[in-house]
Amino acid sequence: MAVTRILPAQIKAIHAIKTRTRLDEPSYRAMLQGFGVVTSKDLTSEAAARLLTRMRDIPEPSTPVQRVAKRKAAAGKYAPKFQAMWMALYNLGAVEDRTDSAMHAFLERQTGIPHTRFLQVAADATVVIEPLKAWLIREGVVWPAADRDRLVHLMALKRAILRAQWLRCVDLGAVRSFGPREECDGLTEYVSAVVRGGSRRLGSLDDPLLEPAELDRASAALGRKLRAAKVKPAEARHVA
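This report concerns the structure included in the present document. (Residues numbered from 1 in each chain as written. Predicted model: local features only at pLDDT ≥ 70, side-chain atom pairs only at ≥ 80, totals over all residues. Heavy atoms only, no water.)

1. Here we look at the overall build of the chain
Applied cut-off: Numbering of helices and strands starts at the N terminus; helices are DSSP runs of H or I of at least 4 residues and strands are runs of E of at least 2. Residue exposure (1.4 Å probe, protein chains only): buried if accessible area is under 20% of the type maximum, exposed if over 50%, otherwise partly exposed. Note on contacts: a residue pair is in contact if any heavy atoms of the two residues lie within 4.5 Å. Note on areas: Shrake-Rupley with a 1.4 Å probe; residue coverage comes only from the protein chains shown.
When helices and strands are counted, the chain shows ten helices and zero strands. For the chain, the α and β elements follow one another from N to C terminus as α-α-α-α-α-α-α-α-α-α. Here the chain holds 240 residues, and 41% of them are scored as buried. When contacts within the chain are restricted to residue pairs at least 6 apart in sequence, those whose partners lie at least 24 apart make up 61%. For the chain, the exposed surface amounts to about 13700 Å²; the carbon and sulfur share of it is 55%.

Take a look at the structure:
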């Protein structure tokens, strides 16, 4: 199996934690020596993830500034993409916490990198994007083919997420399917009602006048319906 060198984001995270915890240099060097290196740049990506796990256990000096810093929202050039994928998982009922904190916890479990601000290059971002993509596919999202036009691909992905949500709602009994389940009969009408108020019906979800924000509104509304349907059976079992 190929050895992957430490990611730039992991180097940044290591030094950020070192600064935040005020880890002294001898202790830091001793931790590196435990991995057989004298500088973090010589670590593998796997070893860096393990080092970050150990460093997270170092107690931090408690100050108001640090407590505020921990609550900061996602930041960095790739943060919007991570947030969109995390929100899609939330609207599919796959995660219960939509917050950036929950997203950062996932990021940290996957890579040891604690915050999106450390992800500044595509290679680092891919380490997180691929697990999120794989998760969405497991939740029923049929990933669209790549397209040079980013907007075309974005819209195709949003439609794929809506279809996965609709099928899950059908399975939960939250919406009624009048035709073959896979045809998502009724989804276009639902999106029409949400984004146009029913005043002008959409011919299809491929309507060129539809905008990404409108599909996001429909996805959020369908997500609320899906999550409510998930809660009802649990409540019924509790009452029984």
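2. A short note on helix 9 (residues 187–196)
Within helix 9, seven of the ten residues are buried, leaving the element largely enclosed by the surrounding structure. Among the residues trailing helix 9, Gly-197 stands out with phi positive, at a value near 65 degrees.

3. With respect to the pattern of salt bridges
This is how it is decided: Definition used for salt bridges: Asp or Glu carboxyl oxygen within 4 Å of a side-chain nitrogen of Lys or Arg.
Under the counting rule described, the total for this entry stands at eight salt bridges. Here Arg-181 ties to Asp-171 by a salt bridge, and the two come within 2.8 Å at their closest N and O atoms. Of this pair, Arg-181 sits in the loop between helix 8 (150–172) and helix 9 while Asp-171 sits in helix 8, and the two are ten residues apart along the sequence. What you see here is one network of salt bridges that share partners, running through Lys-18, Glu-25 and Arg-29.

4. Notes on the layout of surface pockets
Quick reminder of the rule: Cavities and pockets are defined on a 1 Å grid built over the protein atoms alone: a cavity is a set of grid points where a 1.4 Å probe fits but cannot escape, while a pocket is an open set with protein on both sides within 12 Å along at least five of seven lines, and lining residues are those with an atom within 4 Å of any such point. Grid points are joined across faces, edges and corners, and a volume is the space filled by probe spheres set on the points. Three classes are used: nonpolar for Ala, Val, Leu, Ile, Met, Phe, Trp, Tyr, Cys and Pro, charged for Asp, Glu, Lys and Arg, and polar for all others, with Gly counted as polar.
In this structure, the largest pocket encloses a volume near 800 Å³. Lys-81, Ala-84, His-153, Leu-154 and Leu-157 are the residues nearest the centre of the largest pocket, which is lined by 27 residues in total. Of all the secondary-structure elements, those providing two or more residues to the lining of the largest pocket are helix 5 (79–91), helix 7 (122–138), helix 8 and helix 10 (212–239). Per-class residue counts for the lining of the largest pocket are 16 nonpolar, three polar and eight charged.

5. Structural notes on helix 7
Where we set the bar: Expected helix span is taken as 1.5 Å per residue step, with the number of steps being one fewer than the number of residues. Across the chain, bend at a residue is computed as the angle between axes fitted to the seven residues ending at that point and the seven starting from it.
Taking 1.5 Å as the rise per residue, helix 7 with 17 residues should run 24 Å; its terminal C-alpha atoms sit 24 Å apart, in good agreement. Of all the bends in helix 7, the largest measures some 30 degrees and sits at Val-128, one to four residues before the proline Pro-131. Those residues of helix 7 that sit buried are Asp-124, Ala-125, Val-128, Ile-129, Leu-132, Trp-135 and Leu-136. At the C-terminal side of helix 7, Gly-140 shows a positive phi close to 105 degrees.

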